[in-house]
Amino acid sequence: MANGKLLRQLIRSGLDGDIETFKAASETVIAEERGKNHHLLANDLEKLLYGTQSGAPVSQSHMKLASVMPTNKDSGLSLLELRPVVREQRDIVLSDGTHSSLDEIIMEHNRADTLRSFGLQPASKLLFCGPPGCGKTLAAEVIASALSMPLIVVRLDSVISSFLGETASNLRKVFDYISKYPSVALFDEFDALAKDRGDSADHGELKRSVNAVLQMMDGYRGQSILIATTNYETLLDKAVWRRFDEVMQFDLPTIEQIKRLLSIKLSGVRRNFEPDDTKIASLFKGMSHADIERVLRRSVKEMVLSGKEFLEKQQIDSGLARERRVSN
């Protein structure tokens, strides 16, 4: 919590209408809270102080966005999907470095006007790399939540076409749309669009799609945040990398991160063990965040359906055994 001197300064400057002093004191409070790892509170305070990028209530934005989404000319299918934003920063568990990068990106966009006054721009083209299920898509949702922006997913099944020039045409519609309507635009499995052009197994239309992606990313000047994710970064065309402002790596969770994930996911669940028990956390070693969540859901379901009052290691073992059977 802010110290007495800061609180007095905040109240006095607010009563006096001294906006500059009020903002300076508020920024100090935010910095202190972030230094204590109170990221959610710090982000909420930043939104109150600087406002949100979207500028309109999310519900109204969603109605407008959904009504004018572009479609594939041949199939009539939408090229985009408006995805609900329900998870926040407290729901994600990442390495300290990746979490810090995520915080910095959110801060840049909360303070975009300050950066622009110095001739700088917030990072708006992001590449998330790493194994499946390690939080890349969730991080995009967290950014959308923190900035009160809609999350739009590019539907590659509709965008990619075998017809000559059709993929590039669909991409142009997508980029025109996100240029007009500020949002967090998620290009999931981006390697499907930007695969190495040196791969002789791919046909000409996919090579043309890479060229189109490069050109459109170069020319993009909108206010949306473009996030591309890939599980196979080695497949990406070498020319794609320099189009991104930031590249973030998402890895399998460590034992300490698993403990934090167990604590989050099992909060409110009565259990006969503690989430920070190293023996319990070690059972999940080598698994992705998504795999761990799936095991926990199965375990809790088994507890409920069997009429048990407490979650026990037995249900965890059962959920893990089922996960291994499915994986094999």
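Look a little higher up for the structure.
Figured I'd write up the structure that's included with this text. Source: prediction; values computed, not measured. (Residues numbered from 1 in each chain as written. Predicted model: local features only at pLDDT ≥ 70, side-chain atom pairs only at ≥ 80, totals over all residues. Heavy atoms only, no water.)

It is worth spelling out the pairing of strand β2 (residues 125-129) at this point. Of all five residues making up β2, five are buried, and the element is well covered by its neighbours. Burial of the side chains of β2 extends over both faces: Lys-125, Leu-127 and Cys-129 are buried on one face and Leu-126 and Phe-128 on the other. Relative to strand β5 (residues 225-230), β2 runs parallel, the two being bridged by five bridges. By the bridge assignment for β5, Leu-127 is matched with Ala-228. (Buried < 20%, exposed > 50% of the residue type's maximum accessible area, 1.4 Å probe, protein only. Helix = DSSP H or I, 4+ residues; strand = E, 2+ residues; numbered from the N terminus. Pairing = 2+ DSSP bridges.)

Overall, the coordinates contain 15 salt bridges when judged by the stated rule. Here Glu-256 and Lys-259 are joined by a salt bridge, their closest N and O atoms 3.3 Å apart. Residue Glu-256 and its partner Lys-259 are located together in helix α11 (residues 255-265), separated by three residues, close to a single helical turn. Classification of Glu-256 as partly exposed rests on a relative accessible area of 49%. Several salt bridges share partner residues, and in doing so they unite Asp-291, Arg-294, Arg-298 and Glu-323 into one network. (Salt bridge = Lys/Arg side-chain N within 4 Å of Asp/Glu carboxyl O.)

This part is about the environment of Ala-239. Summarising the element assignment, Ala-239 is placed in the loop between β5 and β6 (246-249). When the C-alpha positions of Ala-239 and Leu-214 are compared, they lie 7.8 Å apart, and in sequence the two are 25 residues distant.

This next bit is on the nonpolar core. Ranked by size, the top nonpolar core spans 34 residues in total, and within it Leu-80, Phe-175, Tyr-177, Ile-178, Phe-187 and Phe-190 carry the most contacts. Looking at which element gives the most residues to this core, the answer is helix α10 (residues 204-219), with six residues. Counting 26 residues, the second-largest nonpolar core is a separate cluster that includes Ile-92, Ala-123, Ile-143 and Ile-225. (Core = buried A, V, L, I, M, F, W, Y, C linked by side-chain atoms within 4.5 Å.)

Spatially, β1-β3-β4-β5-β2-β6 is the arrangement adopted by the six strands of the open sheet, whose pairing is mixed. One side of each edge strand has no neighbouring strand; the edge strands of this open sheet are β1 (80-83) and β6. On average, each strand axis in the sheet is inclined to that of its neighbour by 25 degrees, with strand direction left out of account. Here strand β3 (residues 151-154) pairs with strand β4 (residues 184-187) via three bridges, running parallel. The partner of Ile-152 across the bridge, within β4, is Ala-185. Contacting β2, β5 and β6, helix α5 (residues 96-110) runs over the sheet at an angle of about 145 degrees to β6. Across the sheet, helix α7 (residues 136-146) touches β1, β2, β3, β4 and β5, and the angle it forms with β2 is around 145 degrees. (Axes fitted to C-alpha atoms, helices over the stretch in contact; angles between N-to-C directions. Contact = heavy atoms within 4.5 Å.)

What follows concerns helix α13 (residues 289-305). Taking 1.5 Å of rise per residue, the 17 residues of α13 would be expected to cover 24 Å, and the 24 Å separating its terminal C-alpha atoms lies within 8% of that figure. For α13, the full list of buried residues reads His-289, Ile-292, Glu-293, Val-295, Leu-296, Arg-298, Ser-299 and Met-303. Buried positions along α13 lie against α11 and α14 (313-327). (Expected span 1.5 Å × (residues − 1).)

The next subject is a positive patch on the surface. Together, Arg-297, Lys-301, Arg-322 and Arg-325 line one region of the surface with positive charge. Counting only elements with at least two residues in the positive patch, the list comes to α13 and α14. In this fold, Arg-297 is placed in helix α13. On the accessibility criterion, Arg-297 (46% relative accessible area) is partly exposed. (Patch = residues over 30% accessible without salt bridge, like charges linked within 9 Å, V, L, I, M, F, W, Y side chains within 5 Å. Areas by Shrake-Rupley, 256 points an atom, 1.4 Å probe, with all protein chains shown as cover. Lys, Arg positive; Asp, Glu negative; His and termini not counted. Charge placed at Lys NZ, Arg CZ, Asp CG, Glu CD.)

As a further point, take unusual backbone geometry. Positive phi is not limited to glycine here, since Ser-148 has a value of about 55 degrees. A residue is classified by how much of its surface remains accessible, and Ser-148, at 22% relative accessible area, is partly exposed. The backbone of Glu-189 sits at a positive phi, close to 50 degrees, despite the residue not being glycine. For Glu-189, a relative accessible area of 49% gives the class partly exposed.

Without other data, these values stay purely geometric and don't point to any function.
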